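# Observations on the model geometry
Spelled out from the first residue to the last, the chains are:
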Amino acid sequence: MPIILENVSFSYSKKTPLETSALRNINLRIEKGEFVGILGEKGAGKSTLLKLFNGLLNPETGTVRVDGLNTSSREAKRRIGMVFQQAADQLFCRTVYDEIAFGPLNFGYSRKEAEERVLEALEAVYLDQTMLHRNPFSLSGGEMQRVALASALALRPDYLVLDEPITGLDPVGKKEILETLKKVKDEGTAVIAVTHNLKGFFPLLEKIVLIREGKIAFQGTKEDYLKTGCVPLPPITSLMRELKERGLPVNPAVFTVEDALQEILRVRSVIEKESTSNTGK
Ligand SMILES: Nc1ncnc2c1ncn2[C@@H]1O[C@H](COP(=O)(O)OP(=O)(O)OP(=O)(O)O)[C@@H](O)[C@H]1O
Ligand SMILES: [Mg+2]
């Protein structure tokens, strides 16, 4: 069963002079096991959209359902693991252990089960066990982000919702967290990530939702996204599109440097074959 949003609108500071319409008429369906990228410029409404998924915000009009459940229900909250844009904002316990164990204990799992989940989640985010007794607020920004992700993973959610999960991490951290997310997805969890880091995320994404000024400007596969000419794109894909527009017959639907290289080499060999057969005539 999916997350379904029907005709959802949301405004901040409703009926005050500061009223801001953040989302308008959103219709969206996210299936279990999908890897979805939510793209859009600053202020487009991406974070607001994520907060509607777990009932942190309620729609002004329309409905949000998680596997048919109302987002305010406890069961819906258990199914959604959330990592906020500012990871530090969601930490509140005295130790990293308590932080990660909080979700499982709160949802009624035994201490033993909670401990197993803490260790599993810690490993998934590449932190070692010496971290467990540390105060989360003494950690670096990147470590806090990993702890926030571990807390969400400890619930073994059906939908993992992340707001800029690799921003602020060093290159090794980025690579590790992307690997974790891929693994989580491969195990059947939907991963829904707001990101500006197209270079890192694009190869993993299956579906793209582009938000522009509070509305969905595009939703569909990344191949279709490419055909529409929408931006943003990863730099390597933009380059391939530019080459195609300038007459080189490459397929621009590639998202990594390695794939771009293979595609360019393929086109080169086609061109070489054609020129040899032409000179042979
Ligand atoms: N707490 C709030 N009170 C009032 N207005 C808000 C609040 N949070 C967001 N907004 C406004 O709602 C709109 C959408 O904001 P949102 O944070 O969802 O955008 P975003 O796409 O996540 O942007 P960014 O890429 O900068 O994180 C913006 O106009 C923003 O100024
Ligand atoms: Mg945001």
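The rules we used
- Residues numbered from 1 in each chain as written.
- Chains lettered and ligands numbered in written order.
- Predicted model: local features only at pLDDT ≥ 70, side-chain atom pairs only at ≥ 80, totals over all residues.
- Heavy atoms only, no water.
- Pairing = 2+ DSSP bridges.
- Helix = DSSP H or I, 4+ residues; strand = E, 2+ residues; numbered from the N terminus.
- Axes fitted to C-alpha atoms, helices over the stretch in contact; angles between N-to-C directions.
- Parallel < 35°, antiparallel > 145°, perpendicular 65-115°, else oblique.
- Left-handed = near helix turned anticlockwise from the far one by under 90°.
- Contact = heavy atoms within 4.5 Å.
- Near = heavy atom within 4 Å.
- Polar contact = N/O pair within 3.5 Å; in protein donor to acceptor, adjacent residues only side chain to side chain.
- Areas by Shrake-Rupley, 256 points an atom, 1.4 Å probe, with all protein chains shown as cover.
- Nonpolar A, V, L, I, M, F, W, Y, C, P; charged D, E, K, R; others polar.

Spatially, 6 strands are ordered S6-S7-S8-S3-S9-S10 in an open sheet, and the strand pairing comes out mixed. With one partner strand each, in any of the chains shown, strand S6 (80–83) and strand S10 (215–221) form the two edges of the open sheet. If you compare each strand with its neighbour and ignore which way they point, the axes differ by 15 degrees on average. Where strand S3 (residues 35–40) and strand S9 (residues 207–212) come together, 5 bridges link them in parallel fashion. Counted as the bridge partner of Leu39 is Leu210 from S9.

Take the packing of helix H3 (residues 96–106) against helix H5 (residues 141–153) next. Viewed as axis vectors pointing N to C, H3 and H5 meet at an angle of 30 degrees, and their least axial separation amounts to 7 Å. When the axes of H3 and H5 are compared, the pair comes out roughly parallel. The handedness of the crossing between H3 and H5 comes out as right-handed. Listed contacts from H5 to Val96, Glu99 and Ile100 of H3 are Val147, Ala150 and Ser151.

With that out of the way, let us pick up the site of ligand 1. Among the 13 residues in the neighbourhood of ligand 1, the closest are listed as Gly43, Gly45, Lys46, Ser47 and Thr48. For ligand 1, an oxygen atom lies 2.9 Å from a polar atom in the side chain of Ser47. At 3.0 Å from an oxygen atom of ligand 1 is found a side-chain nitrogen or oxygen belonging to Gln85. In the complex, the protein chains occlude 64% of the 630 Å² of accessible area that ligand 1 would expose alone. Elements represented by at least two residues in the shell around ligand 1 include exactly strand S2 (20–30) and helix H1 (46–53). Of the residues forming the shell around ligand 1, the biggest block, 3 residues, is contributed by H1. Of the residues in the shell around ligand 1, the class split is 3 nonpolar, 7 polar and 3 charged.

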